[in-house]
Structures are given as structure tokens and as C-alpha cells.
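Residue-level structure breakdown
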Amino acid sequence: MQPFTGSFTQQEALDDEAILAATEVLRSGRLHRYNTVADELSQASQLEQAFAAYQGSRYCLACASGGYAMAIALRAAGLQQGEAVLTNGFTLAPVPGAITAAGGKPLLVEITEDMVIDLADLERKALESQARFLLLSNMRGHLADMDHLSEIVRKHGLILIEDCAHTMGAAWNGIKSGNFGLAGCFSTQTYKHLNSGEGGLLTSDDPEFMARAIILSGSYMLYERHGAAPPPQVFEQVRLETPNMSGRMDNLRAAILLPQLARLDESIERWNQRYREVEQGLAGVYGLLLRHRPDQESFVGSSIQFRLPGIDAAAARTFVADAKALGVELKWFGNDDPVGFTSNHHSWRYVEAQPLPGTDRVLAGLFDMRLPLTFSLEDCRHVAAIIAHCAAPWAMAQAS
Ligand SMILES: *Cc1c(COP(=O)(O)O)cnc(C)c1O
């Protein structure tokens with residue numbers, strides 16, 4: 001088997017349009033979002049308008065990171081110190097981190113074999129805990145049955161905030177991910193769907209919520225210069241009672257995001273071509289399970305996950321090492337110790353330990369891989385062939 005030599009962490013270079021836009025900001029020296037002349041609309045404000053239009057939301061706030069967007073969303077929604085926040089037991093560390101930063105306590109909900117929040121467990125825990133908040137993480141771009149989830153949210157009066165770090169551009173039954181509850185939180189960190197190094201976007205249709213979020217983000221009394229904000233009178237209620245927790249986006253990052261956003265749907269198509277290629281290459285491996293993508297879901301295949309259910313830890317380690325030796329970087333969520341970006345709920349020790357046997361069972365056999373747009377379709381076929389090759393010993397043992 002020929003090794004693969006591509007890089008799983010190399011995103012596409014920024015194009016000339018973005019570089020030109022960045023250069024113009026640098027030449028102006030006006031990098032701060034409120035450093036405008038006359039009635040100029042800053043790049044940060046332009047980005048807010050453009051993303052609100054893309055998302056179909058009334059308001060948008062550009063800020064420092066996806067994790068920051070979630071933390072101020074919880075605060076702006078009225079989270080009290082020590083209050084419980086329901087969230088997925090399988091997600092990335094910034095999610096329990098944001099809940100903790102906002103003064104809340106993560107109340108972890110099991111996931112299903114499809115890697116989405118377990119709606120039966122959600123309903124049970126919502127009832128038991130009387131929690132008011134659900135920070136739903138659409139981890140790795142997998143959407144739960146959003147019709148059923150919305151029903152639970154309504155029935156229990158939950159305040160829903162969506163973590164859309166992997167679902168920017170995704171939809172359920174034609175409704176964009178992020179538009180199902182009070183707010184949507186997005187990341188423009190390098191490994192997500194738009195790349196400004198770091199950055200976040202928060203969307204909502206609720207004027208008072210958004211006014212609070214804007215003040216929290218560090219707008220001083222300059223909130224009238226925002227691009228997709230509620231009218232000034234809404235701020236009158238909240239401007240002096242909301243703390244400043246500076247986490248603004250600057251014009252340089254906004255400038256390079258604008259041209260990327262204009263091409264987001266095109267990028268999504270390219271991601272999905274790559275996803276389908278790998279999916280097809282893995283479809284025939286005995287015992288390897290890929291998620292069946294529901295008809296209602298339009299997803300963004302910027303990464304792919306598969307399961308080898310029942311694999312033990314030693315075999316999983318061997319499998320990951322064999323793939324790595326052939327140049328394929330797989331992440332395994334069953335590891336005891338967190339590696340790189342990957343961790344599971346056992347290593348969030350600042351969170352009260354909570355038994356999640358169903359989640360642990362899924363994670364023990366769950367593997368994950370990025371699909372950067374720098375991969376060609378041929379690269380994707382090659383990578384899939386290597387995974388199939390490395391899974392063969394395990395598959396053979398299953399079959400016999
Ligand atoms: C990346 C990520 C975030 C937040 O990203 P930041 O690095 O804070 O911008 C949130 N949730 C998930 C699932 C993520 O992967």
C-alpha cells in the first residue's frame with residue numbers, strides 16, 4: 001500500500017480577493033472595528049450584515065471565537081451562576097468550557113450511535129433537572145432529528161442555543177442550522193468552514209438578547225455602529241447593566257472572511273464531493289459503520305466519522321498507528337488521555353463527573369478524520385483505501 005503524503009491540517013490558501021481586502025485594511029491602519037471615518041461601515045459590520053443575510057437571521061454579532069460566542073450567548077440569555085446547562089456528552093472542549101466560563105454547570109446528555117444528542121435522555125434529564133438551557137452541539141456536523149428536538153424544547157420550555165461550529169451552511173428540512181432556537185454560535189477558526197485563524201459569529205432574531213450580547217462583546221457605547229443590530233432604543237434597557245467582556249472581532253479578520261463567505265456554498269459542495277468519495281471507499285469494509293445521512297439533513301462534509309463497534313482499546317490503538325504509518329491521521333475518541341484537539345467527557349475534570357455508559361460505548365469505537373479542501377478526489381480515494389486496508393485484520397476477525 002502506497003503511503004499518503006497529504007496534510008490533514010493544511011487548509012486552502014486565502015485567495016487574491018481576501019489578500020487584497022486584508023492589504024487595504026492594513027494600509028488604512030483602521031483595524032479596530034469602531035475606528036471608522038465619517039459614515040463608513042467597518043468590515044466587521046459588513047461581515048455581520050453579510051452573515052445575517054446568509055443565515056436568514058435578523059441580527060448577527062462578529063466576535064473573538066466560537067467558544068466566546070457560546071459563553072456570551074448563555075450570559076445574554078440570562079444564565080445564573082451555578083445554573084445547569086444541558087449539553088451533549090460528546091462535543092469539543094470549548095463547549096463545556098463556555099458553559100463554565102458563563103458560570104453554568106454542564107449537565108451532560110447521552111449521544112446515540114449516530115453521534116447526535118439522545119433525545120430520550122434529553123427529555124428525561126430536562127424533566128429531572130428542570131434545567132432552563134440547552135446548549136446543543138451539532139458535533140462534527142451531525143444534526144439530530146430537529147423536528148423532534150424542537151418539540152422537546154417547546155414542551156419543556158427550554159432556551160435553545162446551538163453550537164454550529166461544524167454546521168455552518170447545514171440545514172434540516174430546509175431550515176438552516178442555528179435558526180432553531182434563541183441563537184446560533186459559529187466559529188471561523190482555521191479548521192471550520194471559514195478561516196480567519198480565530199473568530200466567532202453569533203446570530204439571533206431576539207432584539208434584547210442581541211443588544212445584551214453586543215454590549216457584553218465590548219461595544220462600549222458604540223453599539224450604533226454595528227451592522228446587523230437591533231435599534232438604539234433596545235439598548236437603553238441594557239446598556240448600563242451589562243458588563244463589558246471584550247471579545248470583539250477586528251476588521252482584518254472580517255475583511256478576509258467576507259470573500260470566503262461569498263463562496264461558502266461552493267466550498268460546501270466541494271467538501272461533500274470529498275465526503276462522498278471517502279464514504280464510498282469505506283462502504284464495503286465489513287463491520288465498519290458510517291452514519292446514514294437522513295433525507296431531511298443537508299450537511300457539510302468537512303470531516304468524516306466511522307465506527308468499528310466492539311473494537312477493544314488495544315486493537316483501536318493498533319488500527320490508528322497502522323493508518324498513521326501510511327500517512328492517514330485518524331482521531332479516536334475512545335482514548336483515556338486527550339490527544340490534540342480530541343478529548344472526551346472523562347477528561348473535563350472541572351465538570352462534575354457524570355456516568356454516560358451509552359456515550360462511552362459509542363466513543364470506544366468512534367474514529368474521525370478531517371477532509372480539508374486541499375485534498376483532491378483522488379486523495380480521498382487513496383485515504384479510504386488505506387483505512388480499509390488497516391481495518392482489514394479487524395474486519396476479518398469480525399467476519400469469522
Ligand atoms: C471548534 C469548535 C467550537 C468552538 O470553536 P473556537 O475554537 O472557540 O472558535 C465549538 N464547538 C465545536 C464542536 C467545535 O468543534
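None of the values given here were measured: they were computed from a predicted structure.

**Some points on the site of the ligand**
Looking at the ligand, there are 17 residues lining it, with Gly67, Asp163, His166, Ser187 and Lys192 nearest. At 2.8 Å, a side-chain N or O of Asp163 approaches a nitrogen atom of the ligand. Between Ser187 and the ligand, the recorded distance is 2.7 Å, taken from a side-chain N or O atom to an oxygen atom. In isolation the ligand has 380 Å² of accessible area, and contact with the protein removes 93% of it. The set of elements that each furnish at least two residues to the shell around the ligand consists of helix H3 (66-76) and helix H4 (94-101).

**Describing the UniProt feature "modified residue: N6-(pyridoxal phosphate)lysine" (unreviewed entry) in the protein chain**
In the UniProt entry, the feature "modified residue: N6-(pyridoxal phosphate)lysine" (unreviewed entry) is given for Lys192. Checked against the element boundaries, Lys192 lands in the loop between strand E8 (183-187) and strand E9 (200-204). For Lys192, a relative accessible area of 10% translates into the label buried. Setting aside chain neighbours within four positions, we find Lys192 in contact with Gln11, Leu92, Ala165, His166, Ser187 and Trp271.

**Quick word on helix H12 (residues 357-364)**
Where H12 is concerned, the buried positions are Gly358, Thr359, Val362 and Leu363. With its buried residues spanning 130° around the axis, H12 presents them on a single face. Set apart from the buried face of H12 by more than 90 degrees, the exposed residues are Pro357 and Arg361. Residues of H12 that are buried make contact with strand E3 (105-109), strand E12 (303-307), strand E13 (331-332) and strand E14 (366-370).

**Details of the sheet that holds E14**
Strand order across the open sheet formed by four strands is E10-E12-E14-E13, with antiparallel pairing between neighbours. Looking at the sheet topology across the chains shown, the edges are occupied by strand E10 (289-290) and E13. Where E10 lies against E12, two bridges are found, and the strand directions are antiparallel. Along E12, the bridge assignment pairs Leu289 with Arg307.

**Remarks on the sheet that holds strand E7 (residues 175-176)**
Pairing is antiparallel across the open sheet formed by three strands, whose spatial order is E7-E6-E11. This sheet does not close on itself; its edge strands, each paired only once, are E7 and strand E11 (297-298). Bridge count for strand E6 (residues 171-172) against E11 is two bridges, and the pairing is antiparallel. Looking across to E11, one finds that Trp172 is bridged to Glu297.

**Regarding the pattern of salt bridges**
The full count for this structure, using the stated rule, is 18 salt bridges. As a salt-bridge pair, Arg263 and Glu17 come within 3.5 Å of each other at their nearest N and O atoms. Taken together, the residues Arg263 in the loop between helix H9 (251-262) and helix H10 (264-282) and Glu17 in helix H1 (residues 16-28) connect sequence positions 246 residues apart. In this structure Glu17 comes out as partly exposed when scored by relative accessible area, which is 47%. Of the charged contacts, one joins Arg124 and Asp121 as a salt bridge, the two residues approaching to 2.8 Å between their closest N and O atoms. On the criterion of helical spacing, the pair formed by Arg124 and Asp121 is a turn pair, its members being three residues apart in helix H5 (residues 119-129).

Each value, and the rule that gives it
- Residues numbered from 1 in each chain as written.
- Predicted model: local features only at pLDDT ≥ 70, side-chain atom pairs only at ≥ 80, totals over all residues.
- Heavy atoms only, no water.
- Near = heavy atom within 4 Å.
- Polar contact = N/O pair within 3.5 Å; in protein donor to acceptor, adjacent residues only side chain to side chain.
- Areas by Shrake-Rupley, 256 points an atom, 1.4 Å probe, with all protein chains shown as cover.
- Helix = DSSP H or I, 4+ residues; strand = E, 2+ residues; numbered from the N terminus.
- UniProt positions renumbered as here; feature names shortened; annotations may be inferred.
- Buried < 20%, exposed > 50% of the residue type's maximum accessible area, 1.4 Å probe, protein only.
- Contact = heavy atoms within 4.5 Å.
- Arc of directions from axis to C-beta.
- Pairing = 2+ DSSP bridges.
- Salt bridge = Lys/Arg side-chain N within 4 Å of Asp/Glu carboxyl O.

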